[in-house]
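Read off the chains here:
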Amino acid sequence: LCFGFMKDNRELLGRWNTALTSMRNDFTLAGFEQKYIKNFPENTTYDYIYGTGRKKKQDIIKFERFSNAPTIRVAVTGDLPPVDFTDDSGFPAGYSTAVLAEIGRRLHVNIDIVNVSAGARTAALVSGRADAVFWYEVNHSLQSQPDVSDSVILSDPYLSWNTFMHIRKDED
C-alpha cells in the first residue's frame with residue numbers, strides 16, 4: 001500500500017517518503033503493524049464492523065496540532081479494515097490513524113482527515129479537496145497500476161500485504 005499525491009506535489013511526496021523511511025528504520029511502522037493488524041487489540045470496534053455484534057471501545061489516537069504549521073488534508077476511505085476503517089462516530093481508526101498521526105508529528109504539520117469513498121480517492125486529489133490519499137494498492141510486478149491515475153504519484157510503500165493474512169471470522 002502506498003499514499004497517493006498529485007504529480008505536481010513532489011516536494012510533499014519527498015518529505016512524506018523521508019518520514020516513512022524514518023518510521024521504517026526505527027521500527028515504528030513494524031510496531032504499528034504488530035499492534036493494529038497482527039495483534040488486533042481487544043478494545044477496538046473492528047469485530048462490530050463485520051457484524052459479530054460485539055461492540056468494543058475504540059482506541060483514540062490523537063493528532064497533534066502545531067500552531068503556525070501547514071495543514072495537510074488526507075483522504076481516508078475507512079473501508080479497508082483493519083488498515084483503514086472508521087469507528088462508530090465515523091472517525092478513522094487503527095493503523096491508518098496511527099500512521100497519519102506519526103507522519104504529522106515527524107513533519108511538524110497538521111493533518112486534517114477528509115472522508116471519501118474508495119472510488120473517489122483520485123477525484124479528491126484532482127479537485128484539490130485532499131493533498132494526499134491514504135491508500136493505493138500497488139502490485140510492483142505490473143508495469144502500470146490499474147487503480148492509479150496518470151496524474152497521481154505514489155509514495156514508498158508503508159505496508160505490504162505479504163506480511164499477514166486477513167480472514168473474516170464469520171467465514172470458514
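Visitor: Tell me about the packing of aromatic side chains, residues and numbers included.
Guide: For the coordinates displayed, the defined rule picks out six aromatic pairs. With centroids separated by 5.2 Å and ring planes inclined at 90°, the aromatic side chains of F3 and F134 adopt a geometry described as edge-to-face. Remark: F134 occurs in strand β7 (residues 132–136) and F3 occurs in strand β1 (residues 2–6); sequence separation between them is 131 residues. Judged by its relative accessible area of 0%, F3 falls in the buried class. Taking the centre distance of 6.4 Å and the plane angle of 25° together, the rings of Y95 and Y158 count as stacked. Of this pair, Y95 sits in helix α4 (residues 95–107) while Y158 sits in the segment after β8 (152–154), and the two are 63 residues apart along the sequence. One exposure class covers both Y95 and Y158, and it is buried.

Visitor: For the confidence of the model for the protein, give the residues involved together with the corresponding values.
Guide: Keep in mind that low pLDDT regions are not for reading the predicted coordinates in detail. Taken residue by residue, the protein gives an average pLDDT of 78. The fraction at 70 or more is 72%. When mean pLDDT is compared element by element in the protein, helix α1 (residues 10–25) scores highest at 96, while helix α3 (residues 46–49) scores lowest at 46. Low confidence marks residues 45–57, where pLDDT is under 50. Its contacts with residues over four positions away, or in another chain, come to 33 contacts.

Parameters and conventions
- Residues numbered from 1 in each chain as written.
- Predicted model: local features only at pLDDT ≥ 70, side-chain atom pairs only at ≥ 80, totals over all residues.
- Heavy atoms only, no water.
- Phe/Tyr/Trp six-rings, centres within 6.5 Å; stacked < 30°, edge-to-face > 60°.
- Helix = DSSP H or I, 4+ residues; strand = E, 2+ residues; numbered from the N terminus.
- Buried < 20%, exposed > 50% of the residue type's maximum accessible area, 1.4 Å probe, protein only.
- pLDDT = per-residue confidence, 0-100.
- Contact = heavy atoms within 4.5 Å.

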